[in-house]
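A closer look at the structure
Below are the chains, spelled out letter by letter.
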Amino acid sequence: MHNYIIETERLILRPLKIDDAEAVYQWVSDERVAKYMVYNTYTSVDAVVDWLTSLQAPDEEYHFGFVRKEDNLLVGSGSIGPDNKKIGFWGFGYNLRYDCWGNGYATEATKAMMKFANKHFDVVKFSSSHVEQNKASGHVMEKCGLHFTNYGEFQKLDGSNKMRSMEYEGEINNLQ
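This write-up is about the structure you can find in this document. (Residues numbered from 1 in each chain as written. Predicted model: local features only at pLDDT ≥ 70, side-chain atom pairs only at ≥ 80, totals over all residues. Heavy atoms only, no water.)

1. Observations regarding helix 1 (residues 21–28)
- Along helix 1, the residues classified as buried are Ala21, Val24, Trp27 and Val28. When helix 1 is viewed along its axis, its buried side chains cluster within an angular range of 125° and face the same direction.
- Its buried side turned inward, helix 1 meets helix 2 (31–34), helix 3 (45–54), strand 4 (73–82) and strand 5 (90–96). (Buried < 20%, exposed > 50% of the residue type's maximum accessible area, 1.4 Å probe, protein only. Helix = DSSP H or I, 4+ residues; strand = E, 2+ residues; numbered from the N terminus. Arc of directions from axis to C-beta. Contact = heavy atoms within 4.5 Å.)

2. Here's the deal with the side chain of histidine 63
- If you trace the backbone, histidine 63 turns up in strand 3 (residues 62–68).
- What makes histidine 63 buried here is its relative accessible area of 16%.
- What histidine 63 contacts, discounting residues up to four positions off in sequence, is His2, Arg14, Pro15, Leu16, Leu55, Gly78 and Ser79.

3. Examining the sheet that holds strand 2 (residues 11–14)
- Spatially, 1-2-3-4-5-6-8-7 is the arrangement adopted by the 8 strands of the open sheet, whose pairing is mixed. A strand with exactly one partner marks an edge of an open sheet, and here the two such strands are strand 1 (6–7) and strand 7 (147–154).
- In this fold helix 1 packs onto strand 4 and strand 5, with an angle of close to 85° to the strand it touches most, strand 4. (Pairing = 2+ DSSP bridges. Axes fitted to C-alpha atoms, helices over the stretch in contact; angles between N-to-C directions.)

4. Some thoughts on the environment of phenylalanine 89
- Counting through the fold element by element, phenylalanine 89 comes out in the loop between strand 4 and strand 5.
- What makes phenylalanine 89 buried here is its relative accessible area of 13%.
- Sequence separation between phenylalanine 89 and glycine 170 is 81 residues; the distance between their C-alpha atoms is 8.9 Å.
- Sequence-distant contacts of phenylalanine 89, defined by excluding residues within four places in its chain, comprise Pro82, Asp83, Lys125, Phe126, Ser127, Glu169 and Gly170.

5. Concerning the pattern of salt bridges
- Applying the stated criterion across every chain yields a total of 8 salt bridges.
- Across the pair arginine 14 and aspartate 20 runs a salt bridge, and its minimum N-O distance is 2.8 Å. Here arginine 14 matches aspartate 20 in class, with each residue buried.
- For lysine 86, the salt bridge identified is with glutamate 169, shortest N-O distance 2.9 Å. With lysine 86 in the loop between strand 4 and strand 5 and glutamate 169 in strand 8 (residues 163–171), the pair connects residues that are 83 residues apart, well separated along the chain. (Salt bridge = Lys/Arg side-chain N within 4 Å of Asp/Glu carboxyl O.)

6. Side note on the nonpolar core
- Counting residues in each nonpolar core, the largest one holds 30 residues, and the members touching the most others are Leu13, Phe66, Ile80, Phe92 and Phe126.
- Of all the elements in the fold, those that place two or more residues in this core are strand 2, strand 3, strand 4, strand 5, helix 4 (105–121), helix 5 (135–143) and strand 8.
- When residues of this core are assigned to their parent elements, the largest contribution, 8 residues, is made by helix 4.
- Core analysis: the second largest hydrophobic core is formed by 15 residues, Trp27, Val33, Leu52 and Leu74 among them. (Core = buried A, V, L, I, M, F, W, Y, C linked by side-chain atoms within 4.5 Å.)

7. Regarding the packing of aromatic side chains
- Scanning the model with the defined rule gives 13 aromatic pairs in all.
- Measuring from ring centre to ring centre gives 4.8 Å for tyrosine 4 and phenylalanine 116, while their planes differ by 70°; the resulting arrangement is edge-to-face. Note that tyrosine 4 is positioned in the segment before strand 1 and phenylalanine 116 in helix 4, a separation of 112 residues in sequence.
- By relative accessible area, tyrosine 4 is classed as partly exposed at 30%.
- Ring geometry for tyrosine 98 and tryptophan 101: centres 4.7 Å apart, planes at 55°, overall tilted.
- Relative accessible area serves as the criterion here: at 37%, tryptophan 101 is assigned to the partly exposed category.
- By way of ring pairs, the aromatic residues Tyr4, Tyr62, Phe64, Trp90, Phe116 and Phe121 are connected into one cluster. (Phe/Tyr/Trp six-rings, centres within 6.5 Å; stacked < 30°, edge-to-face > 60°.)

Listed below in structure tokens is the structure:
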């Protein structure tokens, strides 16, 4: 667990806490959100508590909750850390409440996480991927300076629902 807090124009990125379980459940239980994610749709707050508890253990991945400044609402979460498939790269991901899609929060939060990795760990190589049908995530990755490299395969954690993915990477030296 880390103690980093990142501030952007509209968001505060802070560590996720077990107390966030009800708020996180709002998006992880939404089939429209879970459709393109590695996890299956959550069916209980207890399962969210279990996941949030697992994040408390030391890890090389930095998980953040995205809190909207205007109303202190937890609108999503994301993480960034070493990519275990691409040496020298750090990968990232994000997840937002459905009612917050299309507002630029994913791009704003992701750029902030990338800047964090650059500033604290001298990371300049980034990677990410998304399910092919999730074109909005591809746009986020492009806005963050990454470019499409190839197709891969995406699969739910339980081994179900294999889908084609689009993989992105980029070397970003001048994070603003």
